[in-house]
Amino acid sequence: MAEDSDLDKTEAATPRRLQKAREEGQIVRSRELSTFALLAAGFYGTWAMSGHIGLHLQDMLRASLMFNHDSTFDTSHMLIGAGAAAREGLYALLPILGMLALAALLAPLALGGWQVSSKALEPKFDRLNPIAGLGRMFSINGPIQLGMSLAKTLVVGLIGGQAVWNRHEEILALATQPLHLALANSVHLIGVCCGITVGGMFLVAGLDVPYQIWSFHKKLRMTKEEVKREHRESEGDPHIKGKIRQQQRAIARRRMMAQVPKADVVVTNPTHFAVALQYTDGEMRAPKVIAKGVNLVAARIRELAVENNVPLLEAPPLARALYHNVELNREIPGALYGAVAEVLAWVYQLKRFKSEGGAVPMAPTHLDVPPELDKGAVSDQDAAEEAEDALNPSNDDTQGASA
């Protein structure tokens with residue numbers, strides 16, 4: 001079953017999965033790269049600063065071998081001499097120690113960067129399970145790691161052996177040279193052979209780094225179902241998102257309906273569209289739309305208008321123009337100022353009639369609505385259905401969620 005599940009993991013890890021693995025302390029690491037960096041820093045640093053190191057070691061050796069008869073039996077002078085020798089040794093090795101520390105920090109940074117994670121320090125008792133340990137030993141990674149270790153030993157051994165063999169005549173010639181010259185040449189030969197051998201570690205690290213990157217991403221691969229589930233968790237379930245949008249529209253609709261009693265007039269067409277207008281002289285630059293709707297929403301707006309004694313005016317071109325061209329709580333465009341002014345004048349006359357009596361004011365019938373604002377080329381029913389689909393895309397959400 002485990003092999004089947006591994007075979008099902010064909011999808012690359014998502015950014016969220018990579019971030020989660022990083023938080024748990026799982027990042028790309030190459031031991032061979034760190035080993036090469038430390039060996040290279042130690043060897044080549046010592047080689048480059050051999051003069052500086054030699055001077056300090058020479059001073060330390062000279063001070064240690066100096067004989068002073070007066071201080072021979074004084075233990076305090078012995079401690080002082082040991083302290084001075086230790087300081088000279090520290091001064092000699094301090095640059096090398098600094099380079100080793102820098103290499104130890106930069107080598108991991110080259111691949112996965114620095115990562116401080118407390119989860120990596122948490123005790124995991126399943127690692128103490130001997131059965132799990134045997135499983136890891138005899139897993140596919142065991143032979144791979146063994147093969148890489150043998151290959152590393154073989155590569156480094158061949159490179160080092162070749163370096164020694166190419167200089168075997170120089171090594172044999174050391175026996176015929178004077179002592180001081182033989183010592184100098186032997187140090188040189190040892191340094192060259194060791195340097196070439198350390199350079200061979202670069203080849204091993206160059207092979208190990210791509211493998212570790214591939215192995216890391218292979219370990220984090222996901223199945224198609226895991227990718228879909230993570231997408232749903234991060235983006236949200238389409239069904240839930242559709243419900244949330246539906247509730248948001250319902251809340252906005254209730255808030256809009258609460259504004260209808262405050263309207264000065266409701267313009268209808270008369271059945272499919274309804275738009276509530278409000279204008280307060282001195283507070284608004286122009287009348288604004290405080291509620292609008294189609295079909296059932298329009299019917300509810302009309303009911304609220306009748307319940308709260310808000311005048312209703314049947315003006316289909318104006319109702320369509322206001323609905324399609326003015327957003328909620330927005331002022332009407334300048335092209336509709338004339339038509340809306342006639343409507344408001346009729347509303348004021350109607351209020352005066354109700355309070356003072358007299359002749360019943362005639363409702364305006366021929367309102368000047370620019371043709372480009374009146375989307376009445378199609379029937380009112382078709383226009384209402386298009387407007388309702390644009391306002392309520394819940395059906396599309398449901399279909400998309402089902403797909």
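Not measured: the values here are computed from a predicted model.

Regarding the sheet that holds strand β2 (residues 273–278)
Next, step 1: Strand order in the open sheet formed by five strands is β4-β1-β2-β3-β5, and the pairing between neighbours is mixed. Lying at the two open borders of the sheet, with one neighbouring strand each, are β4 (312–314) and β5 (330–331).
Next, step 2: Two elements, β2 and strand β3 (residues 288–294), share six bridges in a ladder whose sense is antiparallel. Note on β3: the bridge partner recorded for Ala276 is Ala291.
Next, step 3: With respect to the sheet, helix α13 (residues 316–325) is in contact with β1 (265–268), β2, β3 and β4, its orientation differing from that of β2 by roughly 75°.

Some thoughts on the packing of aromatic side chains
What describes a pair of aromatic rings is the distance from one ring centre to the other and the angle between the planes of the rings.
Next, step 1: This model, assessed by the stated rule, comprises three aromatic pairs.
Next, step 2: Ring geometry for Phe36 against Phe202: centres 5.4 Å apart, planes inclined by 55°, an arrangement best described as tilted. One end of the pair, Phe36, is in helix α3 (residues 31–48); the other, Phe202, is in helix α9 (residues 179–219), and 166 residues separate them in sequence.
Next, step 3: A residue is classified by how much of its surface remains accessible, and Phe36, at 17% relative accessible area, is buried.
Next, step 4: Ring geometry for Phe273 versus Tyr323: centroids 5.2 Å apart, planes at 65°, classification edge-to-face. Here Phe273, found in strand β2, pairs with Tyr323, found in helix α13; they are 50 residues apart in sequence, far enough to count as distant. The exposure classification of Phe273 matches that of Tyr323, with both residues buried.
Next, step 5: The residue whose ring lies beneath Lys292 is Tyr323, and the NZ or CZ to ring-centre distance is 4.8 Å.

Some details on the environment of Leu318
Next, step 1: Residue position: Leu318 is located in helix α13.
Next, step 2: Spatially, the C-alpha atom of Leu318 lies 6.2 Å from that of Val369, the residues being 51 residues apart in sequence.
Next, step 3: Once you skip the residues sitting within four places of it in the chain, Leu318 turns out to touch Val267, Leu336, Ala339, Val340, Val343, Leu367 and Val369.

As for the environment of Glu32
Next, step 1: If you trace the backbone, Glu32 turns up in helix α3.
Next, step 2: In this structure the C-alpha to C-alpha distance between Glu32 and Val209, which are 177 residues apart in sequence, comes to 7.9 Å.
Next, step 3: Leave out the neighbours within four places in its chain, and Glu32 touches Lys152, Met201, Val204, Ala205 and Asp208.

What about the pairing of β3?
Next, step 1: Among the seven residues that make up β3, six are buried, leaving the element largely enclosed by the rest of the structure.
Next, step 2: Of the pairings in the sheet, the one linking β3 to β5 comprises two bridges and is antiparallel in character. Directly across from Val289, in β5, lies its bridge partner Arg330.

Looking at the nonpolar core
Nonpolar side chains tend toward joint burial in soluble globular proteins.
Next, step 1: With 27 residues, the main nonpolar core has Leu277, Leu318, Leu322 and Leu336 as its most contacted residues.
Next, step 2: Within the residue set of this core, elements represented by two or more residues are β1, β2, β3, α13 and α14 (337–356).
Next, step 3: Counting residues per element, this core draws most heavily on α14, which supplies seven residues.
Next, step 4: If near-sequence neighbours (up to four positions away) are discounted, Leu322 is found in contact with Val267, Val275, Leu277, Ile332 and Leu336.
Next, step 5: Counting residues in hydrophobic clusters, the runner-up holds 15 residues, among them Val266, Ala274, Ala291 and Leu304.

Some words on the pattern of salt bridges
Next, step 1: Summed over the entire model, instances satisfying the criterion amount to four salt bridges.
Next, step 2: Put simply, Arg285 and Glu331 hold a salt bridge, and the shortest N to O gap is 3.4 Å. Taken together, the positions of Arg285 in the loop between β2 and β3 and Glu331 in strand β5 put the pair 46 residues apart, joining distant regions of the chain.
Next, step 3: Looking at Arg285, the relative accessible area reads 75%, which means it is exposed.
Next, step 4: In this structure, Arg300 and Glu303 form a salt bridge, with 3.1 Å as the shortest nitrogen-oxygen distance.

Some remarks on unusual backbone geometry
Next, step 1: Not every positive phi belongs to a glycine, and Asn295 is a case in point at roughly 50°.
Next, step 2: The residue Asn295 is located in the loop between β3 and α12 (296–307) in this model.
Next, step 3: Take Asn295: its relative accessible area is 17%, and that puts it in the buried class.
Next, step 4: Even without being a glycine, Asn309 presents a positive backbone phi close to 55°.
Next, step 5: Tracing the chain through its elements places Asn309 in the loop between α12 and β4.
Next, step 6: Residue classification places Asn309 among the exposed residues on the basis of a relative accessible area of 65%.

Observations regarding the packing of α3 against α9
Next, step 1: Packing of α3 against α9 brings their axes to within 9 Å, and their N-to-C directions diverge by 155°. Considering their axes alone, α3 and α9 lie roughly antiparallel with respect to each other. Viewed along their axes, α3 and α9 form a crossing whose handedness is left-handed.
Next, step 2: Taken together, the residues that form the contact of α3 with α9 break down as 15 nonpolar, five polar and three charged.

Reading the values: the criteria
Residues numbered from 1 in each chain as written. Predicted model: local features only at pLDDT ≥ 70, side-chain atom pairs only at ≥ 80, totals over all residues. Heavy atoms only, no water. Pairing = 2+ DSSP bridges. Helix = DSSP H or I, 4+ residues; strand = E, 2+ residues; numbered from the N terminus. Contact = heavy atoms within 4.5 Å. Axes fitted to C-alpha atoms, helices over the stretch in contact; angles between N-to-C directions. Phe/Tyr/Trp six-rings, centres within 6.5 Å; stacked < 30°, edge-to-face > 60°. Buried < 20%, exposed > 50% of the residue type's maximum accessible area, 1.4 Å probe, protein only. Lys NZ or Arg CZ within 6 Å of the ring centre and 35° of its normal. Core = buried A, V, L, I, M, F, W, Y, C linked by side-chain atoms within 4.5 Å. Salt bridge = Lys/Arg side-chain N within 4 Å of Asp/Glu carboxyl O. Parallel < 35°, antiparallel > 145°, perpendicular 65-115°, else oblique. Left-handed = near helix turned anticlockwise from the far one by under 90°. Nonpolar A, V, L, I, M, F, W, Y, C, P; charged D, E, K, R; others polar.

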